Amino acid sequence: MGAFAESVTLEQLEADPYAIYRRLRQEEPVAWIPVLKAWLVTRWDDVHRVVSSPESFVTNSPNAPQAKVAGSGNMLSSEGDTHAVWRQSIDDIFSQEAIPAATAHARSVAEEHVKPLLDLPGADVMPYFDQVG
């Protein structure tokens, strides 16, 4: 196990996980992260192999970050037939044909909520979004 993987903290992951993922891809593409009690696989080819080989790898772990956020019954923490059912339920929504309309809708909603903030000299926007949500 590399020194970098051993040194990763939850605070670092919460602040900017992408910098950590980038460094892991470069230095330790398959790394045990003690603070997560889980392996992180950070290169596309390796990830594809893991998720395509449920007989060899377990991706459904209660320690996985997505399971802690979304619970264990979600597409990201499911495998095999269960994952296929989840995936099939959203394939039409996230098809290449549907993405432009979804993007346009998301942009219009975001602009609607940002517009009142544009006249402010500066602000912490999180309390505003807590009211909107």
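One structure accompanies this document, and this report is about it. (Residues numbered from 1 in each chain as written. Predicted model: local features only at pLDDT ≥ 70, side-chain atom pairs only at ≥ 80, totals over all residues. Heavy atoms only, no water.)

### Thoughts on the overall build of the protein
Moving on, step 1. Broken down by element type, the protein carries eight helices and two strands.
Moving on, step 2. In the protein, buried positions account for 17% of the 133 residues.
Moving on, step 3. For the protein, long-range pairs separated by at least 24 residues make up 20% of all intrachain contacts whose partners lie at least 6 apart in sequence.
Moving on, step 4. Split by element, the accessible area of the protein, about 10,000 Å² in all, is 57% carbon and sulfur. (Helix = DSSP H or I, 4+ residues; strand = E, 2+ residues; numbered from the N terminus. Buried < 20%, exposed > 50% of the residue type's maximum accessible area, 1.4 Å probe, protein only. Contact = heavy atoms within 4.5 Å. Areas by Shrake-Rupley, 256 points an atom, 1.4 Å probe, with all protein chains shown as cover.)

### Things to note about the pattern of salt bridges
Moving on, step 1. Scanning the entire structure with this criterion turns up two salt bridges.
Moving on, step 2. With its nearest N and O atoms 2.8 Å apart, the salt bridge here joins Glu 27 to Arg 23. Linking Glu 27 with Arg 23, this pair stays in helix α3 (residues 17-27), spanning four residues, or about one helical turn.
Moving on, step 3. In this structure Glu 27 comes out as partly exposed when scored by relative accessible area, which is 44%.
Moving on, step 4. Relative accessible area serves as the criterion here: at 36%, Arg 23 is assigned to the partly exposed category.
Moving on, step 5. Residue Asp 91 is joined to Arg 87 by a salt bridge in which the shortest nitrogen-to-oxygen separation is 3.1 Å.
Moving on, step 6. For Arg 87, a relative accessible area of 46% translates into the label partly exposed. (Salt bridge = Lys/Arg side-chain N within 4 Å of Asp/Glu carboxyl O.)

### Remarks on the environment of His 83
Moving on, step 1. Of note, His 83 is situated in helix α6 (residues 80-90).
Moving on, step 2. Aside from chain neighbours lying at most four places away, what touches His 83 is Met 75 and Ser 78.

### As for α3
Moving on, step 1. Among the residues of α3, Pro 17, Ile 20 and Leu 24 are the ones counted as buried. All buried residues of α3 fall inside an arc of 60 degrees around its axis, so they share one side. In this structure, α3 carries Tyr 18 and Gln 26 as exposed residues pointing more than 90 degrees from its buried face.
Moving on, step 2. If you follow the buried residues of α3, they end up packed against α1 (3-7), α2 (10-15), β1 (30-33) and β2 (38-41). (Arc of directions from axis to C-beta.)

### As for the side chain of Glu 28
Moving on, step 1. Looking at the secondary structure, you find Glu 28 in the loop between α3 and β1.
Moving on, step 2. Nearest to the buried, unbridged Glu 28 among oppositely charged side chains is Arg 23, at 6.4 Å.
Moving on, step 3. Of note is the side chain of Glu 28, whose polar atom sits 3.2 Å from the backbone nitrogen of Ala 5. (Lys, Arg positive; Asp, Glu negative; His and termini not counted. Polar contact = N/O pair within 3.5 Å; in protein donor to acceptor, adjacent residues only side chain to side chain.)

### Re the nonpolar core
Moving on, step 1. Phe 4, Ala 5, Val 8, Leu 13, Ile 20, Leu 24, Ala 31, Ile 33, Leu 36, Ala 38 and Leu 40 form the largest nonpolar core, which has 11 residues in total.
Moving on, step 2. Residue assignment for this core shows that the elements contributing at least two residues are α1, α3, β1 and β2.
Moving on, step 3. Excluding residues within four positions of it along the chain, Leu 13 makes contact with Val 8, Ile 20, Tyr 21, Val 35 and Leu 36. (Core = buried A, V, L, I, M, F, W, Y, C linked by side-chain atoms within 4.5 Å.)

### As for the pairing of β2
Moving on, step 1. Of the two faces of β2, only the one carrying Ala 38 and Leu 40 is buried; Trp 39 and Val 41 on the other face are not.
Moving on, step 2. Sheet topology places β1 next to β2; four bridges connect them, and they run antiparallel. Bridge pairing links Ile 33 to Ala 38 in β2.
Moving on, step 3. Counting the residues that bridge the hairpin from β1 to β2 gives four residues, and of these Lys 37 lies at a positive phi of roughly 55 degrees. (Pairing = 2+ DSSP bridges.)

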